[in-house]
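One-letter residues, chain by chain:
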Amino acid sequence: YASYLVWNDLGGCSSKAIVPMGLYGAQLVLNWAWPPLFFGAHNLNMAVIDVLCLDGLALGTFCSWYRINRVAALLLLPYLGWLAMATCLTIRIWKDNPQQKPGKSD
């Protein structure tokens, strides 16, 4: 609903919508990429990079939307809270599970 509010306020697919909706789309892609990296590939390094980039894009989305439609931006706050928790968990799991270096064995 929040993305629709912003899209509608900018007049649909206009040149003004490129950055705010582009940030939103990019953060969605990174959001969808995290589970396969973390759970599927067990690639904690890439999962941490992904979630940190996702945080930046989500904050950028919030900031760009706030100027356009404050209600839409405020609707992102629960998502940003969830991302903060997911980021902390991802980093904690990454720190607690150091990956073994190639060629080293126990």
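Since the model is a prediction, treat every value here as computed from it, not as a measurement. (Residues numbered from 1 in each chain as written. Predicted model: local features only at pLDDT ≥ 70, side-chain atom pairs only at ≥ 80, totals over all residues. Heavy atoms only, no water.)

**Q** Mind showing me how you'd approach the overall build of the chain here?
**A** Per the secondary structure count, the chain includes 5 helices and 0 strands. Along the chain direction, N to C, the helices and strands of the chain fall in the order α-α-α-α-α. What you see for the chain is a C-alpha radius of gyration of 17 Å, clearly larger than the 13 Å of a compact globule of 106 residues, by over 25%. Expressed along its principal axes, the backbone C-alpha trace of the chain runs to roughly 60 × 25 × 15 Å. Of all 106 residues assigned to the chain, the portion counted as buried reaches 31%. Nonlocal contacts in the chain, meaning residues at least 24 apart in sequence, comprise 62% of its contacts between residues at least 6 apart. For the chain, the separation between the mean place of its 7 positive charges and that of its 5 negative charges on side chains is 8 Å. (Helix = DSSP H or I, 4+ residues; strand = E, 2+ residues; numbered from the N terminus. Rg over C-alpha atoms; globule rule 2.2 N^0.38 Å. Buried < 20%, exposed > 50% of the residue type's maximum accessible area, 1.4 Å probe, protein only. Contact = heavy atoms within 4.5 Å. Lys, Arg positive; Asp, Glu negative; His and termini not counted. Charge placed at Lys NZ, Arg CZ, Asp CG, Glu CD.)

**Q** Looking at this model, I keep getting lost on the environment of Asn43. Mind explaining?
**A** For Asn43, the position within the fold is in the loop between helix H2 (18-40) and helix H3 (44-68). A polar contact of 3.1 Å, which involves the side chain of Asn43, links it to the backbone nitrogen of Met46. (Polar contact = N/O pair within 3.5 Å; in protein donor to acceptor, adjacent residues only side chain to side chain.)

**Q** Any chance you could explain the UniProt feature "transmembrane region" (unreviewed entry) in the chain here in plain terms?
**A** Following the UniProt record, one finds the feature "transmembrane region" (unreviewed entry) at residues 46-68 and 74-94. Between the first and last C-alpha atoms of residues 46-68 the distance is 33 Å; the span itself is 100% helix and 0% strand. Secondary structure within residues 74-94 divides into 95% helix and 0% strand; the distance between the first and last C-alpha atoms comes to 31 Å. (UniProt positions renumbered as here; feature names shortened; annotations may be inferred.)

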